[in-house]
Amino acid sequence: MNNCLTCFTIGKIPNDQGVCPTCEQTPGTYTIDGICVTKCGDGVLTADEECDDNNKVDGDGCSSTCKLEEGFSCTNGQCYSKP
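Note that the structure is predicted; figures quoted are calculated from it, not measured.

Novice: Explanation requested: the overall build of the chain in the structure shown.
Specialist: Of the regular secondary structure elements, the chain holds one helix and four strands. Along the chain, helices and strands appear, N-terminal first, in the series α-β-β-β-β. Counting the 83 residues in the chain, one finds 31% classified as buried. Taking the contacts inside the chain whose residues are at least 6 apart along the sequence as the reference set, 16% of them involve residues at least 24 apart. For the chain, the accessible surface area stands at approximately 5300 Å², while carbon and sulfur atoms represent 53% of it.

If you want it as structure tokens, here you go:
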């Protein structure tokens, strides 16, 4: 499968030479069975994640599915309770 096409779906773009690097060359993305996927909980925020705080614990602002939890905001992998 063409990594360039599969990676575009998660916000991956070609480099300056118009070449799309493999998924493994883009932090937070991996190729599984020819499909480019992200890994929630690895601390690398990717295009299909609202947050990624380097764990898969619910209740800390970023859920186990990398969705922002109500009452929190996240910046640079750190989540904080909104005042």
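Novice: Looking at this model, I keep getting lost on the state of the cysteines. Mind explaining?
Specialist: The bond known as a disulfide is covalent and runs between the sulfur atoms of two cysteines. Under the definition given, this model contains three disulfides. The disulfide bridge from C40 ends at C66, spanning 2.1 Å between sulfur atoms. Taking the torsion about the S-S bond as the criterion, the C40 to C66 disulfide, at about 100°, is right-handed. With C40 in the loop between β2 (35-38) and β3 (72-75) and C66 in the loop between β2 and β3, this residue pair connects regions lying 26 residues apart in the sequence. Of the two residues, C40 and C66, both sit in the buried class.

Novice: Looking at this model, I keep getting lost on the confidence of the model for the chain. Mind explaining?
Specialist: Close inspection of predicted coordinates is inappropriate for parts of the model with low pLDDT. Averaged over the chain, the pLDDT score is 75; the fraction of residues at 70 or greater is 60%. Mean pLDDT values for the elements of the chain range from 47 in helix α1 (residues 3-8) up to 89 in β3.

Novice: Sorry, what's going on with the environment of G77 here?
Specialist: Tracing the chain through its elements places G77 in the loop between β3 and β4 (78-81). Along the sequence, G77 and D53 sit 24 residues apart, while their C-alpha atoms lie 4.5 Å from each other. In this structure G77 touches D52 and D53, once residues within four positions along its chain are discounted.

Novice: In this structure, what is going on with the environment of S81? I would like to understand it.
Specialist: By the element assignment, S81 lies in strand β4. When its relative accessible area of 55% is taken as the criterion, S81 is described as exposed. With eleven residues separating them along the chain, S81 and E70 place their C-alpha atoms 9.0 Å apart. When sequence neighbours within four positions are dropped, the list of residues in contact with S81 reads G71 and F72.

Novice: Whenever I open this one, the side chain of D52 confuses me. Can you help?
Specialist: Note that D52 resides in the loop between β2 and β3. Here D52 sits buried without a salt bridge, and the closest side chain of opposite charge, K56, lies 8.8 Å off (N-O distance). Only 3.3 Å separates the side chain of D52 from the backbone nitrogen of D42, close enough to count as a polar contact. Among the polar contacts made by the side chain of D52, one reaches the main-chain amide nitrogen of N54 at a distance of 3.2 Å.

Calculation notes
- Residues numbered from 1 in each chain as written.
- Predicted model: local features only at pLDDT ≥ 70, side-chain atom pairs only at ≥ 80, totals over all residues.
- Heavy atoms only, no water.
- Helix = DSSP H or I, 4+ residues; strand = E, 2+ residues; numbered from the N terminus.
- Buried < 20%, exposed > 50% of the residue type's maximum accessible area, 1.4 Å probe, protein only.
- Contact = heavy atoms within 4.5 Å.
- Areas by Shrake-Rupley, 256 points an atom, 1.4 Å probe, with all protein chains shown as cover.
- Disulfide = S-S within 2.5 Å.
- pLDDT = per-residue confidence, 0-100.
- Lys, Arg positive; Asp, Glu negative; His and termini not counted.
- Salt bridge = Lys/Arg side-chain N within 4 Å of Asp/Glu carboxyl O.
- Polar contact = N/O pair within 3.5 Å; in protein donor to acceptor, adjacent residues only side chain to side chain.

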